[in-house]
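Survey of secondary and tertiary structure
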Amino acid sequence: MEIVQSAKPLYAIAVSLIAVLFIAVSGKRPNLREFFTIAAAVLKFSIVVSMLPTVLAGKVIEYSLLTILPGLDISFKVDALGIFFALTASFLWIVTSFYSIGYVRSLNEHAQTRYFIFFAVALSATMGVAFSANMFTTFIFYEIITLSTFPLVAHKETPEAMKGARKYLIYLLGTSIAFQLFAIFLTYYAAGTLEFSNLGIFNNIKGEGVSDAFLIVTFILFIAGIAKAALMPLHSWLPAAMVAPTPVSALLHAVAVVKTGVFVVVKVVLHIFGVNLLAQLGLGTALAYFASFTIIVASIIALRQDNLKARLAYSTISQLSYIILGVALLTPSGITGSIMHIVLHAFGKITLFFCAGAIYVASHKTKVSELDGIGKQMPFTMAAFTLAAISMIGLPPMGGFLSKWYLIIGAIEAGQTPIIVVLVVSTILNAGYFLPIIYAAFFKEPNPEIPNPKSKIREAPVLMVASLTLTAIGVLLLFFMPSVFLELAKMIAASVTGGN
Amino acid sequence: MINITEHLPVLIIVISLMSAAIIPIAGRFNRHYSWYITVAVTFVSFLISISLLNRVLNTGKISYWLGGWQPPWGIEYVLDYLNIFILLIVSFIAFIVSLYARHSIEKEIAEHKISTFYSVYMLFIAGLMGMTLTGDLFNLYVFIEISSLAAYTLIAVGRKRNALMASYNYLILGTIAATFILLGIGYLYMVTGTLNMADLRELLPPLYESKVVLTAFAFFTVGLSLKLALFPLHIWLPNAYTHAPSVVSAIMAATSTKVGAYVLLRIMFTVFKVEFDLEVVPVTKILLVLSSVAIIAGSVLAIAQTNIKRMLAYSSVGQIGYIVLGAALINQTAMTGSLIHILNHAIMKGTLFLVIGAVVYKTGIEDISGLRGMGKKMPYSMAAFTIAALSMIGIPLTVGFVSKWYIAMGALNAGMWYFVPIILLSSLLTAVYFWRIIESIYFEDANTEPQNAEYSQIRNPDDAPLGMLIPTLILAGLCLFFGVAAFLPVSIAEKAASMLLGGM
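Residues numbered from 1 in each chain as written. Chains lettered and ligands numbered in written order. Predicted model: local features only at pLDDT ≥ 70, side-chain atom pairs only at ≥ 80, totals over all residues.

**Here's the deal with the overall build of chain B**
This is how the line gets drawn: Only DSSP runs of H or I with at least four residues qualify as helices, and only runs of E with at least two residues qualify as strands; both kinds are numbered from the N terminus onward. Atoms counted for the radius of gyration: C-alpha only. Globule rule: 2.2 Å times residue count to the power 0.38. To sort residues by burial, count the other C-beta atoms lying within 10 Å of each one's C-beta; a count of 20 or more means buried, 12 or fewer means exposed, and anything in between means partly exposed. C-beta atoms are built from the backbone. Here, residues touch in the contact sense if the C-beta positions derived from the backbone fall within 7 Å of one another.
Counting its secondary structure elements, chain B contains 20 helices and two strands. The C-alpha atoms of chain B give 22 Å as radius of gyration, which agrees with the globular expectation for 504 residues (23 Å, within 12%). Expressed as lengths along the three principal axes of its C-alpha atoms, the size of chain B is roughly 70 × 55 × 40 Å. Here chain B holds 504 residues, and 60% of them are scored as buried. Once local pairs closer than 6 in sequence are excluded, the contacts in chain B between residues at least 24 apart make up 79%.

**Some points on the overall build of chain A**
Secondary structure assignment for chain A yields 21 helices and three strands. A compact globule built from 500 residues should have a C-alpha radius of gyration of about 23 Å, and chain A, at 21 Å, falls within 12% of that. In terms of overall dimensions, chain A has a C-alpha envelope of 70 × 55 × 40 Å along the principal axes. Summarising the internal contacts of chain A: among those between residues at least 6 apart in sequence, 81% fall at separations of at least 24.

**Some words on the sheet that holds strand β1 (residues 3–5) of chain A**
Residue and element names in this part refer to chain A. What counts, and what does not: What makes two strands pair is DSSP finding at least two bridges between them. To obtain each axis, a line is fitted to C-alpha atoms, and for helices this fit is confined to the stretch in contact; angles are then taken between N-to-C directions over 0 to 180 degrees.
Here three strands make up an open sheet; going across it, the order is β1-β2-β3 and the pairing mixed. The open sheet is flanked by β1 and β3 (72–78), the only strands paired with a single partner. The mean angle between the axes of side-by-side strands here comes to 35°, regardless of whether they run parallel or antiparallel. Where β1 and strand β2 (residues 60–69) come together, three bridges link them in parallel fashion. Bridging across to β2, V4 finds its partner in I61.

**Describing the interface of chain B and chain A**
Accessible area lost upon the coming together of the parts is a frequently used measure of interface size. We apply this condition: Following the grouping adopted for this structure description, the nonpolar residues are Ala, Val, Leu, Ile, Met, Phe, Trp, Tyr, Cys and Pro, the charged ones are Asp, Glu, Lys and Arg, and the polar ones are all others, Gly among them.
With 18 residues of chain B at the interface, the matching set in chain A holds 20 residues. Looking at the side of chain B that touches chain A, the elements that each hand over two or more residues are α17 (399–413), α18 (419–443) and α20 (487–502) of chain B. In terms of residues, the side of chain B that touches chain A owes the most to one element, α18 of chain B, which gives seven residues. Here the side of chain B that touches chain A is composed, by residue class, of 17 nonpolar, one polar and no charged.

**As for the packing of helix α5 (residues 135–153) of chain A against helix α11 (residues 257–273) of chain A**
Residues and elements named next belong to chain A. Cut-off, in case you're wondering: The scheme is simple: roughly parallel for angles under 35 degrees, roughly antiparallel for over 145, roughly perpendicular for 65 to 115, oblique for anything else. Two helices crossing with the near one rotated counterclockwise from the far one by less than a right angle form a left-handed crossing, whereas a clockwise rotation gives a right-handed crossing.
Look at α5 against α11: their axes get within 11 Å of each other, and the N-to-C directions meet at 165°. What the angle tells us is that α5 and α11 run roughly antiparallel. Between α5 and α11 the crossing geometry is left-handed. Residues M135, T138, Y142, I145 and T149 of α5 pack against V257, T260, V264, K267 and I272 of α11. Looking at the contact of α5 with α11 residue by residue, the class counts come to six nonpolar, three polar and one charged.

**Considerations on the packing of helix α3 (residues 80–106) of chain A against helix α4 (residues 112–131) of chain A**
Residues and elements named next belong to chain A. In the contact formed by α3 and α4, the axes pass within 9 Å of each other and the chain directions differ by 170°. What the angle tells us is that α3 and α4 run roughly antiparallel. Contacts between α3 and α4 involve G82, F85, A86, A89, S90, W93, S100 and V104 from the former and Q112, Y115, F119, L123, T126, M127, A130 and F131 from the latter. Considered class by class, the residues forming the contact of α3 with α4 number 11 nonpolar, five polar and no charged.

**Considering the confidence of the model for chain B**
All names here are of chain B. Rules: pLDDT: the predictor's confidence for each residue, scored from 0 to 100.
Averaged over every residue, the pLDDT of chain B is 88; the share at 70 or more is 96%. Mean pLDDT values for the elements of chain B range from 82 in helix α11 (residues 274–280) up to 93 in helix α5 (residues 137–156). In the predicted assembly, ipTM is 0.85 and pTM is 0.89.

**Observations regarding unusual backbone geometry**
Cis geometry is adopted by the peptide bond preceding P233 of chain A, which originates at M232 of chain A and carries an omega value of 5°. Residue position: P233 of chain A is located in the loop between α8 (212–225) and α9 (237–240). In this structure, P232 of chain B follows F231 of chain B across a cis peptide bond, with omega equal to 0°. Counting through the fold element by element, P232 of chain B comes out in the loop between α8 (211–227) and α9 (236–243). Look at E157 of chain A: it is not a glycine, yet its phi comes out positive at around 60°. Mapped onto the secondary structure, E157 of chain A falls in the loop between α5 and α6 (159–191).

**Here's the deal with the pairing of β3 of chain A**
Burial of β3 of chain A is extensive: five of the seven residues sit out of reach of the surface. Linking β2 of chain A back to β3 of chain A in an antiparallel pair, the connection comprises two residues, with G71 of chain A at a positive phi of about 90°.

**Re helix α19 (residues 466–484) of chain B**
Residue and element names in this part refer to chain B. The test is simple: Here a helix's expected span is defined as the number of its residues, less one, multiplied by 1.5 Å.
Under the 1.5 Å per step criterion, the end-to-end length of α19 is 26 Å for 19 residues, consistent within 8% with the ideal 27 Å. Buried residues of α19: M468, L469, P471, T472, L475, A476, L478, C479, F482 and G483, and no others. Summarising the contacts, the buried residues of α19 are in contact with α3 (81–108), α14 (332–363), α16 (379–393), α17 and α20.

**Section: the nonpolar core**
Nonpolar side chains tend toward joint burial in soluble globular proteins. Note the following rule: In plain words, the nonpolar core is the set of buried Ala, Val, Leu, Ile, Met, Phe, Trp, Tyr and Cys residues that C-beta atoms within 7 Å link up.
Membership of the largest hydrophobic core comes to 401 residues, with the highest contact counts inside it found for F84 and I324 of chain A together with I155 of chain B. Counting residues per element, this core draws most heavily on α14 of chain B, at 18 residues. Those residues in contact with I324 of chain A that sit more than four places away from it in its chain are A229, L231, V262, V265, L287 and A291 of chain A.

**Thoughts on the environment of A494 of chain A**
Looking at the element boundaries, A494 of chain A is found in helix α21 (residues 483–496). Separated by 162 residues in sequence, A494 of chain A and P332 of chain A place their C-alpha atoms 6.7 Å apart.

**A word on α4 of chain A**
Every α-helix winds through 3.6 residues per turn, so residues three or four apart in the chain are directed the same way. Taking 1.5 Å as the rise per residue, α4 of chain A with 20 residues should run 28 Å; its terminal C-alpha atoms sit 29 Å apart, in good agreement. Most of α4 of chain A is tucked away: 17 of the 20 residues are buried.

**Quick word on the environment of G174 of chain A**
Residue and element names in this part refer to chain A. On the secondary structure map, G174 appears in helix α6. Take G174: there are 20 C-beta atoms within 10 Å of it, and that puts it in the buried class. For the pair G174 and G225, spaced 51 residues apart in the sequence, the C-alpha separation amounts to 8.4 Å.

**Describing the pairing of strand β2 (residues 76–79) of chain B**
Residue and element names in this part refer to chain B. Burial along β2 is two-sided: E76 and V78 facing one way and Y77 and L79 facing the other are all buried. The pairing of strand β1 (residues 62–65) with β2 spans four bridges and is classified as antiparallel. The partner of W65 across the bridge, within β2, is E76.

**Comments concerning the environment of L53 of chain B**
Residues and elements named next belong to chain B. With respect to the helices and strands, the residue L53 is situated in helix α2 (residues 31–59). Classification of L53 by C-beta neighbours within 10 Å gives partly exposed; the count is 17. Along the backbone, L53 and I492 are 439 residues apart, and their C-alpha atoms lie at a distance of 9.8 Å. Residues in contact with L53, not counting those within four places in the same chain, are I84 and L88.

Right, dumping it as structure tokens:
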């Protein structure tokens, strides 16, 4: 594989950090401040896009920033998986920024400068995770994401918000120190390196005196240490973090936080352990069943949530496990489906959260049971909601169908019939918690007994509606033109399974 | 013409001792002079230690004969990778803290005591540097006494009457410790007839099984564990740190227990040989258990505190556990971690105490609630606090992570994986007691209760005076700098570790 030396990944990370300075000094002039946010977002996206042709040509971009200690480097590597995630995150940051501006201004949120600053820091760190060349670099940026999103989750500073944010921090920081760092210690101790390898670090040292028990323990520590992936039973931070402003929830759920979690899980599976080794140990299947449990249980819990954001949160927990499930199947199609689901779920879920935020801004409604007839009052929003929900359920012609398709093929390849059942059941459950909302919004009359917090409901501000329309169209486009993403996903699947 | 560079190892001590005599006299003319002299002398000491570092890096080892008397008859000062490392830490922290001291001392100490304070401060520093430099056991005892007596005095000048009690407690326990150490020295002298450390190293091995030598070793270990406040011999420390003036808490937390740890390493690994610790007495096993308990107990007790200085003191008890744990694992990686933690903890705890000093200077409050809403009022100080706190938790890119990495790796290399969960658990506990403070700094509103009229100016955004702020920020910056450029101190610590484990 050809290696290109370039500092572009560093620029992609640094651009929003530099923007932080500008955002901070222009705090008193909101328009200028927001200009810097948008400029940084657009610039970041263009840097990421500029690396795309190189990666599609089968090359890898590498850049080594510094060595902290022998064996502990901060270095970056842009491969297909990294750029896949970076493209998704940096594009959605642009959209989220526009949406955020509309949201915080129409609600007159306090501490807006702090809000935009930490948003930018979180995105920098997300790029860092995407482009990490080793587990140490990943760990650093993983922790930076946790710390920088804390002020966003705690934004409202009410006792409730602080409680939720504290839970968020305890789960994410706690597990990463107690388990993930432990696993990193063990990995470095056994392998002497943390550098991601296409076939897996442990796969490369197979037969060098590392016992199976050691590998299993390390694997469990890794999975338990990545609570951002919200695998049960380490999921309950996610509903608690719903106290955050809606754009933050959207960012958390679609881009920065949870996707970082599953991305790191994918990295651990593919690049630290390796497909062959996990298949040998039977750990892939174990993880797949673990993820299946989360998929089903979280969907059932979602059915019972009346708070719209809480329902979406449980839906996220369930959908994230699709990604883990796919990669745990350890077959090319399973991996393709898993990686495709990163982008497909991102677009779908961010649309749903944008809609939830728009409904809140326009009507101050937060509950599913209050949404009767809202489709007529907010047609664009609810249309976008419908498209995204169909994608979540996994029906054509929405993007979500693609990943589910590949996941099912992957399950067949792996010979795991029960997994196919899980996928089918979860599809039905997804329909069960999304379709009633759509039905109520469009076909029910507003319930006169529920007092309207706002006398007349109109669409949310244009910036917000435009953003959510855009991402909804994205969901549609991803079905018809998944070319770049699908190509990248197939490249990844080919490289980690040794090209077969 | 005397070549001055030849005599730097003794000059660094002499100028500090001399300045202790000059400062009260100069203070009689103008009380500001005493501060100027302190800063100047500690700065020169720091420069000297840098130049000594250069020489050690070039030649490997410096041996200086006091008065030209040849060892083992005369007193020898020996500088190797280990103690130049400690000397640099002591002299640097002494300089930074003295730079910071001016405003804080003027607020916390009665005016007529100020020049005496600086005089004792210099004695304290001289004692610590002497303990670090000397290669002679009795000389070591002398310097231990100098620094201890100075420390009792420094604690006693604290603002509240409790300071006297704390000082008295420390005096009693410190004297017991010193007596133990003196007994140990006496016993070794009795059987070998020498006080020179290098000489003892050669003479002792045939006597390792002797009851006298074993007793001497026991006296040393217990006495020094008391000095470095190893759990459960730490009980003097929380009160001392809590009631001492802020400046004193900072300098003591950053240097004095560290030098105690250094002396323990010196006795365990250079006066005695590694084989002794491993084969003759089960000292490392005992220390492993005690240090693990210290790490957990220190953190748990820290969580229970409401006085922030006391919280930091208990946190120190835990951190000392790290240093001892790393040393007791007896392998290259863990020993490096232990030594690097001596530096790292000095920087982190120094920063924290300096920030608290600034808060006390501004508000007079030592309680955790005093930090509420301070993020807006003292933004720079609080940023320094946050950096140091994250470092204590061990977030990567800060110095705390480097120590933890080495000690955890050392534990794994030694085949004792069960120390890794202890380290990680203590990180979590540390996160608990620091995060609640960070949260109240940034996410809670400031105290609105009427405050002491003397401190009313804090209502507006108003950070500490630059004289306090700059030293604090330098130390906080180092928390990050040595967290990223970790190879700089690590390269020295590695050499020192291999010297300790592999022979002189």
